[in-house]
Amino acid sequence: MTSVSPTEFRVPPVDAVALDTRAAELATRSIKKDAKRDGLRMVVSMTDLTTLEGMDSPGKVRALCQKAKLPLATDPSLGPVGAVCVYPDLVSVAVEALEGTGVQVAAVATAFPSGRSSREVKLEDTKMAVDAGATEIDMVIDRGAFLAGQYGLVFDEICAVKEACGDAHLKVILETGELRTYDNVRRASRIALLAGADFIKTSTGKVSPASTMPVVLLMLESVRDHYLETGRLVGVKAAGGIKTAKQALRYLVMVNETVGDHWLDPNYFRFGASSLLNDVLMQWVRLTSGTYQRPEDFSKD
Amino acid sequence: MARVEVKKTYKLFVGGKFPRSESGRSYQPAGAPQVNVPRGSRKDLRDAVVAARKGYGDWSGRTGYNRGQIVYRLAEMLETRKDSLAEEIRACTDSTAAAAKKETESVIDLTTWYAGLCDKLQSLLGSQNSVSGPFFNFSTVEPTGVVTVIAPNQPSLLGLFGVMLPVLVGGNSVIALVSEDAPLAGMALGELLAVSDVPGGVVNLLCGKRDELEPQIASHRDIDAILKAGKPDPAMGEAAADSVKRVRYADLSDPQWKKPAEMRSLLWVEPFVEVKTFWHPVAY
């Protein structure tokens, strides 16, 4: 297991006012016509179509996978999406439905969403998902330990889960809505990056506020700094609270302006969302047909 | 020192709020070239549709009785503002003080008439049907959805209420395009709706150029029906056909528009409700 000195977890404080201002500035760009069309296509390819509810069923997951393969039946040129994200017990259903399509199967693990369980249970949870065929694991950090200042514990746990993942990509959910300060977000990002995360992800989607522009900007900066330091490229996933195509395009602008167009790739930037895709499809059809669309005309799942 | 009068900036009314046009544009209506009013854009229309769709869930779910109370409250508010509304009518037209007063009073009377109609719609438009078998068979009416009404140019306020009220009392949410040439009284209506307990988004008021907005209204897929004052318009019907939108025309002559009695009819409400028929076994 990797070991680092605790001094490695120290981060410079965040200038909150400057961060908010920069994020707000990046939200003012106007994206129209062809750029919008390309942007929407990119958003679709970066979407982790997600269903994380107690009432999920194999049928619902199969329907979601169908939508992941072919988001818009009237336009096969669009899609597929980046991944389908489900609970571990439904991974096998998704794997079967998505076989041979190139769509990844992501599973949330480690006692998602609260992360309140023993290390053993969390690792078993991860192994269960990997054994069922998940190619991406979305883990949650131990926020209790993090907020108590036990950064080493958080670090060790990410390392252990990374090992349990094997070849599967590891996304580390920071749950920024529970971290309270930008400084904490920067520190949690740093810990996850040092521990070998392939992606750092904002939220579970179960806590509000979920993904916000300043928080994602901060995480992108952390990822950039990590790249400059180590040469390793790590992705960012913005999850929760992104509901409209317009918001998603603003995130793409931010990615491009902060870390550069190399990150404008499903391997390095993702949206975790369930309702975002339909709004993107509505905008897509509007660009093609010229008429405003009706939400009911697009399948909910 | 002489007091400086505070002039009102007329705004749109969308989702219970008073935004300027997102386009930043305004125009000087033909009836009152000294006043700037917002010139609503396609985006304003789209925002209004989103607001109306949100408001629809609340409004359509209320009982007819409650809708009646709220529409009656609107009449109360109109009564307190009738002088200023009459002035706003006169500011855009050459009508006399007496005629403007009469128009506002007609508007108030029409509003109370429709308030009373709210809880009677089910009895008047629904029915219990006799069927062969041990079943009850009921037909009930439900609102159509989001309806856009396009008011006549004149009379500016009575015409607006004539097309808006029958749609509203049926439980639909309304996007109203007010008189293009005389929009002042219509745009002031938002100030009354906002204090009448009409939930935000249930009535949205836009003003702007007909030529610009009508094709968008016709083609927007999330608008369920249109009531347009004026002669049947084949272009609008064609554009609306793609989304199977119901289009009705209030084709009244100028003298007819001035007679409130012309507007007091169930026939105005009926096109904007859907009949649902259901069977229920007779219990023994």
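Provided above is the structure to which this section pertains.
Below, the structure is looked at part by part.

1. Comments concerning the pattern of salt bridges
Inference 1: In this structure the tally under the stated criterion is 44 salt bridges over all chains.
Inference 2: Notably, a salt bridge pairs Lys162(A) with Asp198(A), separated by 2.9 Å at the nearest N-O pair. Of this pair, Lys162(A) sits in helix H7 (residues 151–165) while Asp198(A) sits in the loop between helix H8 (182–194) and strand E6 (199–201), and the two are 36 residues apart along the sequence.
Inference 3: Exposure remark for Lys162(A): the relative accessible area of 25% places this residue in the partly exposed category.
Inference 4: Of the residues examined, Asp198(A) reaches a relative accessible area of 17% and is grouped as buried.
Inference 5: Asp251(B) is the partner of Lys231(B) in a salt bridge, and the nearest nitrogen-oxygen pair spans 3.4 Å. With a gap of 20 residues between them, Lys231(B) in the loop between strand E8 (225–229) and helix H9 (234–241) and Asp251(B) in the loop between strand E9 (246–250) and helix H10 (254–257) connect regions that are remote in the sequence.
Inference 6: Judged by its relative accessible area of 60%, Lys231(B) is exposed.

2. Notes on the layout of surface pockets
Inference 1: Roughly 1600 Å³ of internal volume is contained in the largest pocket.
Inference 2: Asp279(A), Gln283(A), Lys43(B), Arg46(B) and Asp47(B) are the residues nearest the centre of the largest pocket, which is lined by 47 residues in total.
Inference 3: Those elements that place two or more of their residues in the lining of the largest pocket are helix H2 (33–46), helix H10 (245–258) and helix H11 (276–289) of chain A together with helix H1 (42–61) of chain B.
Inference 4: Grouping the constituent residues of the lining of the largest pocket by class yields 14 nonpolar, 13 polar and 20 charged.
Inference 5: Taken as a whole, the second largest pocket encloses approximately 500 Å³ of empty space.
Inference 6: Around the second largest pocket sit 29 residues that line it, and Thr50(A), Glu53(A), Ala273(A), Ser274(A) and Ser275(A) are the ones nearest its centre.
Inference 7: With three residues, the top contributor of residues to the lining of the second largest pocket is helix H3 (residues 58–69) of chain A.
Inference 8: In terms of residue class, the lining of the second largest pocket is made up of nine nonpolar, 11 polar and nine charged.

3. Focus: the packing of H8(A) against helix H9 (residues 213–230) of chain A
Between two packed helices, both the angle of their axes relative to each other and the distance between the axes serve to describe the pair.
All names here are of chain A.
Inference 1: Their axes nearest at 10 Å, the elements H8 and H9 cross at an angle of 40°. Between H8 and H9, the crossing angle belongs to the class labelled oblique. Note on packing geometry: the crossing formed by H8 with H9 is right-handed. On H9, the residues touching Tyr 182, Val 185, Arg 186, Ser 189, Arg 190, Leu 193 and Leu 194 of H8 are Pro 214, Val 215, Leu 218, Met 219, Glu 221, Ser 222, Val 223, His 226 and Glu 229.

Definitions and limits used
Per-chain numbering applies: the sequence of each chain, read as written, is numbered from 1 onward. By the order in which they are written, chains take letters starting at A while ligands take numbers starting at 1. Predicted model: local features are reported for residues with pLDDT of at least 70 only, side-chain atom pairs are reported and counted for 80 or more only, and whole-chain, interface and lining totals are derived from all residues. Values reported for side chains reflect all heavy atoms of the structure, with hydrogen atoms and water molecules removed beforehand. Salt bridge criterion: a side-chain nitrogen from Lys or Arg within 4 Å of a carboxyl oxygen from Asp or Glu. Put simply, DSSP marks the helices as runs of H or I at least four residues long and the strands as runs of E at least two long, and each gets a number from the N terminus on. With a 1.4 Å probe rolled over the protein chains alone, any residue whose accessible area is under 20% of its type maximum counts as buried; one over 50% counts as exposed, and the rest are partly exposed. The rule is simple: put a 1 Å grid over the protein atoms alone, call a set of points where a 1.4 Å probe fits but cannot get out a cavity, call an open set with protein on both sides within 12 Å along at least five of seven lines a pocket, and count a residue as lining if it has an atom within 4 Å of a point. Grid points are joined across faces, edges and corners, and a volume is the space filled by probe spheres set on the points. Classification used: nonpolar for Ala, Val, Leu, Ile, Met, Phe, Trp, Tyr, Cys and Pro, charged for Asp, Glu, Lys and Arg, polar for all others including Gly. Between the N-to-C directions of two axes lies an angle of 0 to 180 degrees, each axis being a line fitted to C-alpha atoms and, for a helix, fitted only over the stretch in contact. For classification purposes, an angle smaller than 35 degrees is called roughly parallel, one larger than 145 roughly antiparallel, one from 65 to 115 roughly perpendicular, and anything else oblique. By convention the crossing between two helices is left-handed if the near helix lies anticlockwise of the far one by an angle smaller than a right angle, and right-handed if it lies clockwise. Contact criterion: two residues are considered in contact whenever any of their non-hydrogen atoms come within 4.5 Å of each other.

Read these as geometric descriptors, not functional statements.
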